[in-house]
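Below, each chain spelled out in residue letters.
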Amino acid sequence: MDTKVSLKFIRSDKKEFVIDGTDWKIPSDSGLSGIGMFENDITVVDNATGDGGLITSDHIAQKDRTITAISVNPNLNDVLRREVVSFFNSKFVYKVYVTYMGLTRWFEGKIYKFSLPNGNVYRRMTLSVTFLCPNPFLKSYEDFGKNIASVVPMAGFPYLCRKNTGVTAGRFNFAKMVVLENDGDVETYCKAVFKANGAVKNPKLSIKNSYVRVIDMMKAGDAIIMDFTKSPPTIEKNGSNYIGHCDRASAFDEMILNVGDTEISFDADDGSNQLEVSIYYNKLYGAM
């Protein structure tokens, strides 16, 4: 069993900080708080007759998560202290990757509390950072990127290759549809990246009977990103806001990957064979 505990912090300006037992380590008793638990706020009304009640709603609110670490070598206290104070800044957003018992998941938040007491300079220092996480769920390490229009690899068996004779190495998936598996704890959302290799008219992403369509004529090299993981969702073309170009019947609120299997597909009014469409999503968990 892998008992190593490590963390990697990535700041919104891409700077990184690692706790892996080299300079800082997680204490064995109380280093991680808010990682292995969740609280569900359940509203219940009493039954009009008889015992018991009726659940009317449930809600998991934003969450605090606290990381506590101690320095390994007191002789480096001055260097380690300057590094930590410089890195943890209340004005940045942080992604925190937690590896615990061989499993890695991550969360995102802003610093709510920071503590690095000015104690005895010859003793180990104790660092404590609390993050306020608007999204209370932990995310899977992988984003499970899937190209709907991918090339499916193929090979013959036994392998035969004669001079001047070709063999099939792969075929294009023109079904324009994949089934995505979500075995997380709750529903999740995806990001779709449309890349045009030629002229494409009005690209569309569909989940079940709902869709989001962009009214646009794409040319080779154009990219449209539909990001339903953000609140509110965003549509961008070549890095610029493009949500005003969406079909009025587009159902942004229905672009949900429920727990289980979900069919997701793409199409266009013309030129769908000129599209590469990649889907990215993270599974969400209440605890690890």
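Residues numbered from 1 in each chain as written. Predicted model: local features only at pLDDT ≥ 70, side-chain atom pairs only at ≥ 80, totals over all residues. Heavy atoms only, no water.

Considerations on the pattern of salt bridges
Part 1 of the argument: For the structure on display, the rule yields eight salt bridges.
Part 2 of the argument: As a salt-bridge pair, K176 and D267 come within 3.5 Å of each other at their nearest N and O atoms. One end of the pair, K176, is in the loop between β14 (170-172) and β15 (177-182); the other, D267, is in strand β23 (residues 260-270), and 91 residues separate them in sequence.
Part 3 of the argument: Of the residues examined, K176 reaches a relative accessible area of 22% and is grouped as partly exposed.
Part 4 of the argument: The class of D267 is partly exposed, set by a relative accessible area of 31%.
Part 5 of the argument: Its salt-bridge partner being K219, residue D222 comes within 3.6 Å of it at the nearest N-O pair.
Part 6 of the argument: The class of D222 is buried, set by a relative accessible area of 5%.
Part 7 of the argument: Linked through salt bridges whose partners overlap, the residues forming this network are D216, K219, D222 and K237. (Salt bridge = Lys/Arg side-chain N within 4 Å of Asp/Glu carboxyl O. Helix = DSSP H or I, 4+ residues; strand = E, 2+ residues; numbered from the N terminus. Buried < 20%, exposed > 50% of the residue type's maximum accessible area, 1.4 Å probe, protein only.)

Remarks on helix α1 (residues 77-87)
Part 1 of the argument: Residues of α1 that are buried: N77, L80, V84 and F87. Seen from one end, α1 has its buried residues packed into an arc of 110 degrees, which puts them on one side. Exposed side of α1, more than 90 degrees from the buried face: R82 and S86 are the residues found there. (Arc of directions from axis to C-beta.)

Considering the nonpolar core
Part 1 of the argument: Membership of the largest hydrophobic core comes to 27 residues, with the highest contact counts inside it found for F194, L205, M226, I235, I264, L275 and I279.
Part 2 of the argument: For this core, the secondary structure elements donating two or more residues are β15, β16 (190-196), β17 (200-207), β20 (223-227), β23 and β24 (275-281).
Part 3 of the argument: Among the nonpolar cores identified, the runner-up in size contains 25 residues, and L7, F17, I35 and Y94 belong to it. (Core = buried A, V, L, I, M, F, W, Y, C linked by side-chain atoms within 4.5 Å.)

A few points about the pairing of strand β7 (residues 63-71)
Part 1 of the argument: Counting buried positions along β7 gives eight out of nine residues, so the element sits mostly inside the fold.
Part 2 of the argument: Sheet analysis places strand β3 (residues 24-25) next to β7, joined by two bridges and oriented antiparallel. Along β7, the bridge assignment pairs K25 with I70.
Part 3 of the argument: When strand β4 (residues 32-33) meets β7, the two strands line up antiparallel, connected through two bridges. Within β7, the position partnered with L32 by the bridge is I67.
Part 4 of the argument: With eight bridges connecting them, β7 and strand β10 (residues 126-133) associate as antiparallel partners. The residue bridging D64 from the neighbouring strand is L132, located in β10. (Pairing = 2+ DSSP bridges.)

Examining a nonpolar patch on the surface
Part 1 of the argument: Together, I42, V44 and I55 make up an exposed nonpolar region whose accessible area comes to about 270 Å².
Part 2 of the argument: Relative to the assigned elements, V44 resides in strand β5 (residues 41-46).
Part 3 of the argument: By relative accessible area, V44 is classed as partly exposed at 47%. (Patch = residues over 30% accessible without salt bridge, like charges linked within 9 Å, V, L, I, M, F, W, Y side chains within 5 Å. Areas by Shrake-Rupley, 256 points an atom, 1.4 Å probe, with all protein chains shown as cover.)

Some words on the packing of aromatic side chains
The geometry of an aromatic ring pair is captured by two quantities: the separation of the ring centres and the angle between the planes.
Part 1 of the argument: Under the defined criterion, the tally for this structure stands at 14 aromatic pairs.
Part 2 of the argument: Their ring planes at 50 degrees and their centres at 6.0 Å tell us that F9 and F17 sit as a pair that is tilted. Here the two residues F9 and F17 agree in accessibility, since each one is buried.
Part 3 of the argument: Look at F228 and F252: their rings are 6.5 Å apart centre to centre, the planes differ by 55 degrees, and that puts the pair in the tilted class. Linking F228 in the loop between β20 and β21 (234-237) with F252 in the loop between β22 (240-241) and β23, this pair joins segments that are 24 residues apart in sequence.
Part 4 of the argument: Ring pairs connect the aromatic residues F9, F17, F87, F88, Y94, F107, F114 and F131, which therefore count as one cluster.
Part 5 of the argument: Of note, K8 hangs over the ring of Y97, and the distance from its end group to the ring centre comes to 5.8 Å.
Part 6 of the argument: Cation over ring: R65 sits above F107, and NZ or CZ is 5.1 Å from the ring centre. (Phe/Tyr/Trp six-rings, centres within 6.5 Å; stacked < 30°, edge-to-face > 60°. Lys NZ or Arg CZ within 6 Å of the ring centre and 35° of its normal.)

Notes on the pairing of β5
Part 1 of the argument: Where β5 and strand β6 (residues 53-59) come together, six bridges link them in antiparallel fashion. Bridge pairing in β6 places D41 opposite H59.
Part 2 of the argument: Between β5 and β6, which follow one another and run antiparallel, lie six residues, and G50 among them has a positive phi close to 80 degrees.

Here we look at the side chain of S140
Part 1 of the argument: Turning to its location among the elements, S140 is positioned in strand β11 (residues 138-140).
Part 2 of the argument: Residue classification places S140 among the buried positions, given a relative accessible area of 6%.
Part 3 of the argument: Apart from the residues lying within four places of it in its own chain, the contact partners of S140 are R105, W106, N282, K283 and Y285. (Contact = heavy atoms within 4.5 Å.)

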